[in-house]
Amino acid sequence: MSNKMWGGRFESAPDEIMEEINASIEFDQVMFRQDIAASRAHVAMLSEAGIVTKEDAAAIGAGLDQVLGEIESGKFEFSRALEDIHMNVESRLTEIVGPAAGRLHTARSRNDQVAVDFRLWVRDAVDALDGQLRALQQALAETAASHAATVMPGFTHLQPAQPVTFGHHLLAFVEMLGRDRGRLRDARRRMNECPLGAAALAGTSFPINREMTARALGFDRPTANSLDSVSDRDFALETLSAIAICATHLSRFAEEVVLWTGPFFGFLKLSDKFSTGSSIMPQKRNPDAAELVRGKTGRMIGALSGLLVVMKGLPLAYSKDMQEDKEGVFDAVQTLSLCLAAVTGMVRDMQPDVDAMRAAAGIGFSTATDIADWLVRRLGMPFRQAHHVTGRVVALASSRGVGLDQLTLDELRSIEPRFEVDVLDVLGVEKSVSSRASFGGTAPANVSAQAAKWLDLLSGELPA
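Residues numbered from 1 in each chain as written. Predicted model: local features only at pLDDT ≥ 70, side-chain atom pairs only at ≥ 80, totals over all residues. Heavy atoms only, no water.

Caption draft 1: Region of interest: the overall build of the chain. For the chain, the helix and strand inventory stands at 18 helices and 6 strands. Taking 23 Å as the expected radius of gyration for a compact globule of 464 residues, we find that the chain reaches 30 Å, considerably beyond that expectation. Along the first, second and third principal axes, the C-alpha atoms of the chain reach 100 × 55 × 40 Å. For the chain, the residues scored as buried account for 48% of the 464 residues in total. When contacts within the chain are restricted to residue pairs at least 6 apart in sequence, those whose partners lie at least 24 apart make up 75%. Accessible area for the chain stands at about 22200 Å²; split by element, carbon and sulfur atoms hold 54% of it. Between the centroid of the 48 positive side chains of the chain and the centroid of its 60 negative side chains there is a distance of 5 Å. (Helix = DSSP H or I, 4+ residues; strand = E, 2+ residues; numbered from the N terminus. Rg over C-alpha atoms; globule rule 2.2 N^0.38 Å. Buried < 20%, exposed > 50% of the residue type's maximum accessible area, 1.4 Å probe, protein only. Contact = heavy atoms within 4.5 Å. Areas by Shrake-Rupley, 256 points an atom, 1.4 Å probe, with all protein chains shown as cover. Lys, Arg positive; Asp, Glu negative; His and termini not counted. Charge placed at Lys NZ, Arg CZ, Asp CG, Glu CD.)

As structure tokens, this is what we get:
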């Protein structure tokens, strides 16, 4: 008795272990909509080209509609013996339509079938992620607009550096997410070529119309090389790369939420919606949502690394190794989607402690650069010399155990006799942030304008 799928070449069923390692239906069934859509486009083209009769094409189309309905309603029974989503759909289609269903696979292979299904799935995923990224940008920009003048410490090396505003800090992440969206959209544009019709690796002898199937599936054009069509997974790698970079941005934000909600910073509060407690310590409020976003980033980076390793040594064209291309992508997309929802929720939920931020903004002699800038502006002093003089001022304040704004004019003049009384004005943190009015700087007027610009841009966007 021949094998059900492979026909006369094989005389017996695969070993149980072979079936176990070979089957992909547990994970690739998520592509059922894409698989059925591609089959609809393919059979319509076959009919138009006169390769199958219109009657058979109509019966196949109706049968595919029935299969789709069964899967969506949960009535469809997936079989591991049929390996993957393609054979599961075709087997059920045969039960519904009869032998005519066998004509659907004319002029195609599972190689180009899986390539088109996977591209369609990743393309849909990119569109959904873009919408979530936009929602997070909007949440951040709205909060930034509300806190354009809320002063907080800016950090380098996690040490107090110069005062900034909370709104300016949040807009930094809006910029990062904008680049993340750009990377995903770039990947989408490059992946938007249709491999259907490349068949196993060499194309087909049937007079197919690949432009027709490409248009029907929303692709810009068919792929130009049949070998590349079935062996390319650049689109998945590029998407995973964009996901990994985006996840890293979310992780950095999450790390700040973890730090800032702790008592040593005390800059933010999260409600019970995004906090958890301890089973033994009743006083604890843990920022677990942020910690999990930080932790899940490793999964997404790992998915990229994993697929790169799978692909690095494969000769053209298709190898079964490429069955390992999907689980990591599916998981990374789902994980990033969850993380984006969590971070958006935290941004909407968090309450900044304005007083705590303001109190911390002047710690660590954070306005020292303002003194150096005053020396350059008022006295014409070279910046390197001004830096040295200001360093002596900081050393004096440190030795006295006071902040820069607590030094007297006489004390400043003991270091540089030409200090004038207006130097004291630059030592306030509000004055410091207001002076940073250069393009891209933290001045509240800049922040308000930039937040408004982003909100206007985001509100005017059409869905991807």
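That covers the picture; the talk isn't over yet.
Caption draft 2: Inspection of empty space enclosed by the protein at higher detail. With the rule as written, the count across this model stands at 2 cavities of 30 Å³ or more. Contributing elements (two or more residues each) for the lining of the largest cavity: α6 (110–146), α7 (166–191) and α10 (234–260). If you add up the space inside the second largest cavity, you get close to 30 Å³. Lining the second largest cavity, in full, are Phe166, His169, Leu170, Phe253, Glu256, Val257, Trp260, Leu268 and Met350. Of all the elements in the fold, those that place two or more residues in the lining of the second largest cavity are α7 and α10. The element best represented in the lining of the second largest cavity is α10, accounting for 4 residues. (1 Å grid on protein atoms, 1.4 Å probe; cavity = no way out; pocket = protein on both sides within 12 Å on 5 of 7 lines; lining within 4 Å. Points joined across faces, edges and corners; volume = space filled by probe spheres on them.)

Caption draft 3: Layout of a nonpolar patch on the surface. On the surface, Leu201, Leu227 and Leu316 cluster together into a nonpolar patch covering about 270 Å² of accessible area. Here Leu201 lies in the loop between β3 (193–194) and α8 (210–216). The partly exposed category is assigned to Leu201, whose relative accessible area is 39%. (Patch = residues over 30% accessible without salt bridge, like charges linked within 9 Å, V, L, I, M, F, W, Y side chains within 5 Å. Salt bridge = Lys/Arg side-chain N within 4 Å of Asp/Glu carboxyl O.)

Caption draft 4: Spotlight on the environment of Arg179. Within the secondary structure layout, Arg179 lies in helix α7. Separated by 66 residues in the primary sequence, Arg179 and Ile245 place their C-alpha atoms 9.7 Å from one another.

Caption draft 5: The arrangement of the pairing of strand β1 (residues 151–156) in detail. Of the strand pairs in this sheet, β1 and strand β2 (residues 159–165) are connected by 5 bridges, and their pairing is antiparallel. From the neighbouring strand, Thr156 faces β2, where its bridge partner is Gln159. (Pairing = 2+ DSSP bridges.)

Caption draft 6: Focus on the packing of α7 against α10. Interhelical geometry of α7 versus α10 gives an angle of 165° and a closest axis separation of 8 Å. Relative to α10, the element α7 lies roughly antiparallel. The crossing of α7 and α10 is left-handed. For the pair formed by α7 and α10, the contact residues are Phe166, His169, Leu170, Phe173, Met176, Leu177, Asp180, Arg183, Leu184, Ala187, Arg190 and Met191 on the first element and Phe235, Glu238, Thr239, Ala242, Ile245, Cys246, His249, Leu250, Arg252, Phe253, Glu256 and Trp260 on the second. (Axes fitted to C-alpha atoms, helices over the stretch in contact; angles between N-to-C directions. Parallel < 35°, antiparallel > 145°, perpendicular 65-115°, else oblique. Left-handed = near helix turned anticlockwise from the far one by under 90°.)

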